[in-house]
Amino acid sequence: MEVGLDWTTVLIAALAYLSALFAIAHWADRREAAGRSVIASPTIFALSLGVYCTTWTFYGSVGRAATLGIGFLPVYLGPTLLMLLAPLVLRKILRIAKTQRITSIADFLASRYGHSPLLGGLVALTATVGVTPYIALQLKAVAVSFDALTGGGGMGPAEGPFLDHGFLIAAVMALFAIVFGARQIDAAEHHPGMVAAIALESLVKLIAFLAVGLFVVWGLHDGLESLFDAAAARPDLARLTGSDPALGHAPGGNGPVGNGPWGAWVTTTILSAAAMLCLPRQFQVMVIESVDECHLDRAVWLFPLYLLLINLFVLPVALSGLLSFGGRIDPDLFMVALPLGGGADWLALLAFLGGLSAAAGMIVVESVALSTMLCNDLVMPILLRTRSRALARSADLAPLLLAVRRIAIVTILLFGYGYFRLAGSAYALVSIGLISFTAVAQFAPALIGGLYWRGATRRGAIGGVTAGTLVWAYTLLLPSFARSGWLPASFIADGPWGIAAMRPYALFGLEGWDSLAHSLFWTALVNIGAYVGLSLFDRPGAAERAQAAAFVDVFQSAPNGVVPLREAPPDWRSAASVGDLTRVVARFLGPQRAERAFAGADPDEPAGPERLRLAERLLAGAIGGASARVALASSVSAGAVEAAELLRMLDETSDVIAHSRELERKTAELERATDALRAANERLTELDRLKDDFLSTVTHELRTPLTSIRALSEILHDDPDLDTDQRQEFLAVIIKESERLTRLINQVLDMAKIEAGALDWRIETIDAGPALTEAVAATEALFLERGITLSVDIPDRLPPVRGDVDRVIQVVVNLLSNAAKFTPPGGRTRLETRLESGFLRVTVTDSGPGVAAKDRELVFDRFRQSGDTLTGKPAGTGLGLAIAKRIVEHLGGRIGVADAPAGPNPESGKGAAFWFTLPLAANTADVPEFGVRQE
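Scoring rules and cut-offs
- Residues numbered from 1 in each chain as written.
- Predicted model: local features only at pLDDT ≥ 70, side-chain atom pairs only at ≥ 80, totals over all residues.
- Heavy atoms only, no water.
- Helix = DSSP H or I, 4+ residues; strand = E, 2+ residues; numbered from the N terminus.
- Buried < 20%, exposed > 50% of the residue type's maximum accessible area, 1.4 Å probe, protein only.
- Contact = heavy atoms within 4.5 Å.
- Areas by Shrake-Rupley, 256 points an atom, 1.4 Å probe, with all protein chains shown as cover.
- Pairing = 2+ DSSP bridges.
- Axes fitted to C-alpha atoms, helices over the stretch in contact; angles between N-to-C directions.
- Parallel < 35°, antiparallel > 145°, perpendicular 65-115°, else oblique.
- Nonpolar A, V, L, I, M, F, W, Y, C, P; charged D, E, K, R; others polar.
- Phe/Tyr/Trp six-rings, centres within 6.5 Å; stacked < 30°, edge-to-face > 60°.
- Lys NZ or Arg CZ within 6 Å of the ring centre and 35° of its normal.

Caption draft 1: Region of the structure containing the overall build of the protein chain. Along the backbone of the protein chain there are 35 helices and seven strands. When burial is assessed residue by residue, the protein chain has 54% of its 935 residues classed as buried. For the protein chain, restricting intrachain contacts to residue pairs at least 6 apart in sequence, the fraction spanning at least 24 positions comes to 80%. Carbon together with sulfur atoms contributes 60% to the accessible area of the protein chain, which is approximately 39,200 Å² in total.

As structure tokens, then:
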């Protein structure tokens, strides 16, 4: 690689770019103050999620692809799969966060499990320790890429601690985070300047990566085909274009995967999905900074698209770097080295700025999120419990809160820098990131379980997170120090004190697994085991039950998250006053905010549970849910009530709210059940009426032919001398009426069999033409008798269909009989067929009164007939069309009624066209002579 750019040029460009980010953030903050927020956009929200793509993506993915080929993809498959679950998981988290005024993932977990300060502090500490390697990753990437771009000129690690450009970057990032992420008290409020800058840097790193990719593919090579052909010509590179490297090696590079060829792929996918949800910076931009949960609808597809675009050229860049440099340059640096080696210095500088952008976004958001967690869930609970009197004497605690957060930001970045100097050189970029992914994955069981499992308890969550974190530290964090020389190498090879069963990469004899899969297995086992086991044998308190209901049933709560109390404990009458609450809220949020919250209330008036809950929610946005409770308990008027008693009252109030929510939920369920029962009762009443009508109709229909048969039979019996012609006429009538009886009885029996599922079916490939012809012949006499013209349009050859011949004939006979019944004498009826896509359509059109649009669905119900008894209800049981509908649907077709083609508008009731379809036999559409016509 050629000698790089002058280091002063690179430093000036970097500072200019960071200054531009400062300017964008300042502009966004000013627009927010003017009421024209730039972050109230779903596109900005989706782009801000791109903070997931750090220098790991910009540099590390190329280095990973240079070893594992497509093995870099699982890091992005996990977040993509998580976005598919956005409607189920992320939307619920967003709703809870806004309802509870959550400030961080530590506050989220602490609030879910009864506002537990111990759990919040544990999560804050775990996140800080776990993410420290990830911050070190960013500093390392910027430092080594700076050296690669400048040829090692300028300040470097050899100059000693606090003199290299890694420290300079950390200092600038700390300044940015303090200015735009730690200047307001209410951590539940948004940081528009920071979010706008993150969205911009997401675009910058995407443009830089695409620009380098285009240059490599079409500038250094003659396109993708030429590049892949060159790689295929070398056996050591050809393997990278297949699946073997990705599915058969460890993600951390520490040996083969022993748990199957997909072990590394699955492990990394699971960890990346958990990281997308549990990394403090991702929780910050995705949950805390979200202004509207509807923005998820765009992020669901835009964020995966972003991941796709930024990874388009990862493998081509890796292959080109291996072709150009072989093993002479670290693959993590190919993004800078390739443009520099190709003479495109400006592009190399753009690539460096893209990597700097990726690092800056991660460091700023991560440090803001971690500082909020440390302040609200660790420092403040300790101060409120140990220095409550000193804090109570202060009229304004805002400067203290801001100071704590700013000190936390500086401390976090110093820890990251220290890890970079102490252990960063022992790992590739991706390996460092995966250590952090595994750490934050310890929050996932308690977080996901808390959303859906009411029985999950505080002790279960604390036990799970503690056990998982300890195992993570033993199996991944401590070995990273051993590999860096800060612990004996024998710690990894032989285990502590030579105990082989305690080897961190082969714990309890589990050998043959890569370090990451090994750690994930043991951490998941102890974490989930402790979480579930302790929760099952634990009994949650009132606060835990209340918060469990609030989280699990968040969509059943009131829109603003406040459920009106139906009753309150009597202790509230002599507890905290409105003045007490005003003073404590003013200390943390300022007097103006406190006055707005309790405007119009008498300061000496008892606060009551509703105002106390309001104060708790306001304070939660500034110092977290757990600290808010301690602040309230330690700030009431002296002698009014003991702090412990006030905490008990808070729990009782929470319990009342939980019961209120539960009662509302059950009331809503009861109302839905009542509505369903009412609808079912109305349906039963209607069916009962129809049954009565049916019985009346059937008895009438049976009585009429029976009366005729009996009368004529008696005449024949009593008058043996009746002349022959008269006798023949009477016998013909008897036969006709007997056939009518048979049809009526058959219809009732057919409907009963259909309803009972006892009808015999012989579904096969049939010729529809003869079946239709037979049905016409069976009903032709009806039309002749009534003087109705029946026309038939059946082609000589119809394609075969799937059906039951007897049932098809029955359907057509029913439709023709129905037409004969309703067509007036002298009218016309027509039967025709046509082919639709995959179906044969049979239509029977008449010139009768038609069917009104409102009745077109009802006529196919049992016992339904057009008209009514007073207006001349037609003869029949009302079962013919119902039977036809069930037969056709069983055969896989559809049935309906429309206006006759020549008829007037739909409501005129002149002429009806009953139609049904039958599915064509397989491959019929492929036979040329049956060429199906699209209608």
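Continuing now.
Caption draft 2: Summary view of the pairing of strand β4 (residues 828–836). Inspection of the sheet shows strand β2 (residues 789–793) paired to β4 by five bridges, in the parallel sense. When the bridges of β4 are listed, V792 appears paired with L831. The pairing of β4 with strand β5 (residues 839–846) spans eight bridges and is classified as antiparallel. Opposite R830, over in β5, you have T845 as the bridge partner. Between the antiparallel neighbours β4 and β5 lie two residues, among them G838 with a positive phi of about 85°.

Caption draft 3: Structural detail: the environment of T267. Checked against the element boundaries, T267 lands in helix α13 (residues 263–278). Among the residues examined, T267 registers a relative accessible area of 5% and is labelled buried. Between the alpha carbons of T267 and H518 there is a distance of 9.5 Å; along the sequence they are 251 residues apart. If near-sequence neighbours (up to four positions away) are discounted, T267 is found in contact with L516, A517 and L520.

Caption draft 4: Seen up close, the packing of helix α14 (residues 280–288) against helix α18 (residues 345–386). Two elements in contact, α14 and α18, have axes whose closest approach is 8 Å; the angle formed by their N-to-C orientations is 90°. Compared by their axis directions, α14 and α18 come out roughly perpendicular. Every residue of α18 that contacts α14 at P280, R281, Q284 and V285 is listed here: M362, V365, E366, A369, L370 and M373. Here the contact of α14 with α18 is built from residues that sort into seven nonpolar, one polar and two charged.

Caption draft 5: Highlighting the packing of aromatic side chains. Counted according to the given criterion, the structure contains 17 aromatic pairs. Ring plane angle 35° and centroid distance 6.3 Å describe the contact between Y52 and F437, whose orientation is recorded as tilted. With Y52 in the loop between α2 (42–48) and α3 (55–68) and F437 in helix α21 (residues 429–440), the pair connects residues that are 385 residues apart, well separated along the chain. Accessibility classification places Y52 together with F437 in one group, the buried group. Seen in terms of ring centroids, W453 and Y531 are 5.9 Å apart; in terms of plane orientation they differ by 85°. Their pairing is edge-to-face. Remark: Y531 occurs in helix α25 (residues 515–536) and W453 occurs in the loop between α22 (444–452) and α23 (458–483); sequence separation between them is 78 residues. Look at W453 and you get partly exposed, because its relative accessible area is 27%. Taken together, the aromatic side chains of Y52, Y76, Y134 and F437 make up a single cluster linked through ring pairs. Sitting above the plane of the Y113 ring, R112 keeps its charged end 4.6 Å from the centroid. We note R841 situated over the ring of W915; from NZ or CZ to the ring centre the distance is 4.2 Å.

Note that every value here comes from positions in space, so none of it alone points to a role or purpose.
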